[in-house]
Amino acid sequence: TIKLLKPLRLLLLGAPGSGKGTQTSRLLERIPQLFSISSGDILRQEVKSESTLGREAATYIAQGKLLPDDLITRLITFRLSALDWLKPSAAWLLDGFPRTTPQASALDELLKQHDASLNLVVELDVPESTILERIENRYVHIPSGRVYNLQYNPPKVPGLDDITGEPLTKRLDDTAEVFKKRLEEYNQTNEPLKEYYRSSGILSTVSGETSDIIFPKLLNLITRKFGH
Ligand code: G5P
Ligand code: MG
């Protein structure tokens, strides 16, 4: 495990299926004091519980479209404020939010009010050609956000979550058709977002064909900047 010398406030960027969720769970294993929030996981829980927000979100998610900035921003900042994340000592990781520059500046505003800020943004750079197969073989455990892949990291018992034994499901947006739309949305929003963080000097990129190649590089980067 890694001990952080100063609080890490990390955002993971990367195309759909690039391995943000996968890297998040690996980092949580190695850095015990880290909290994480995944906007996609939260939205899928809202959809599953058929809340008002969940019903609205489902129409966007099913089409591979991003939710309106103000809607997702309200949801995530509410979660952030509720979780003691804004304490000066808290170390955390965001997966999937912010994804647009308006979301990024809304988050910065919130953090600024608490004398905090993001201090590392890492883009997972994975060849597009490797991704479609990954998500067609993906199964998820919605309550925890754990992800599986029938080839890469299959569950111990087919169809069931390793920890809880509860059933796994397919995401409704993990089809070739919706994936194409998600990728388009990503390609439209990612450059401006990267530019936003590049200009504040906290953007890094980690490249690799597989999550096994990316993980040690990511860990190395974090250790160099925040740990020992
Ligand atoms: P999400 O949920 O944020 P995406 O599209 O950004 O969704 P996704 O699909 O969750 O990202 P990931 O987390 O980057 O991808 O990837 P992952 O789950 O870890 O890995 C993908 C699969 O590959 C898994 O099955 C994994 O086991 C496998 N895998 C990992 N590594 C390897 C490897 O090396 N080899 C192989 N063979 N397999 C591997 O957003 C969903 C929707 O929610 C809304 C939008 O509608 C969005 O489309 N939304 C927002 N809208 C507006 N603003 C926001 N901020 C929003 N956030 C979410
Ligand atoms: Mg994910």
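Conventions and cut-offs
- Residues numbered from 1 in each chain as written.
- Chains lettered and ligands numbered in written order.
- Predicted model: local features only at pLDDT ≥ 70, side-chain atom pairs only at ≥ 80, totals over all residues.
- Heavy atoms only, no water.
- Helix = DSSP H or I, 4+ residues; strand = E, 2+ residues; numbered from the N terminus.
- Near = heavy atom within 4 Å.
- Polar contact = N/O pair within 3.5 Å; in protein donor to acceptor, adjacent residues only side chain to side chain.
- Areas by Shrake-Rupley, 256 points an atom, 1.4 Å probe, with all protein chains shown as cover.
- Nonpolar A, V, L, I, M, F, W, Y, C, P; charged D, E, K, R; others polar.
- Pairing = 2+ DSSP bridges.
- Axes fitted to C-alpha atoms, helices over the stretch in contact; angles between N-to-C directions.

Trainee: What's the story with unusual backbone geometry in this structure? I'm lost.
Mentor: Backbone torsion omega between F97 and P98 reads -5°, so that peptide bond is classified as cis. As for its placement among the helices and strands, P98 is situated in the loop between β3 (91-95) and α5 (101-113). Its identity as a non-glycine residue notwithstanding, E50 has a phi of 55°, on the positive side. The residue E50 is located in the loop between α2 (39-48) and α3 (52-62) in this model. Located in the positive-phi region is D115, a residue other than glycine, with phi close to 55°. On the secondary structure map, D115 appears in the loop between α5 and β4 (120-125).

Trainee: What should I look at first to understand the site of ligand 1 in this one?
Mentor: If you check the shell around ligand 1, you find 33 residues, and the closest are T22, K65, R138, R182 and S211. Residue T22 places a side-chain N or O atom 2.5 Å away from an oxygen atom belonging to ligand 1. Between R182 and ligand 1, the recorded distance is 2.6 Å, taken from a side-chain N or O atom to an oxygen atom. Protein chains shield 94% of the accessible area of ligand 1, which is 1100 Å² for the free molecule. Put simply, the parts of the chain that give the shell around ligand 1 at least two residues each are α1 (20-30), α2 and β6 (146-149). Looking at the shell around ligand 1 element by element, the count peaks at four residues for α2. When the residues that make up the shell around ligand 1 are grouped by side-chain class, the tally is 11 nonpolar, 13 polar and nine charged.

Trainee: Please clarify how the sheet that holds strand β1 (residues 9-14) should be interpreted in this entry.
Mentor: Pairing between the strands of a sheet is mediated by backbone hydrogen bonds and can be parallel or antiparallel. Taken together, the five strands give an open sheet; going across it, the order is β2-β3-β1-β4-β7, and neighbouring strands pair in parallel fashion. In the strand order of this sheet, the two ends are held by β2 (34-38) and β7 (203-207), each with one partner. Going from strand to strand, the sheet's axes swing by 20° on average, the running direction of each strand aside. As paired elements, β2 and β3 share five bridges and run parallel to each other.

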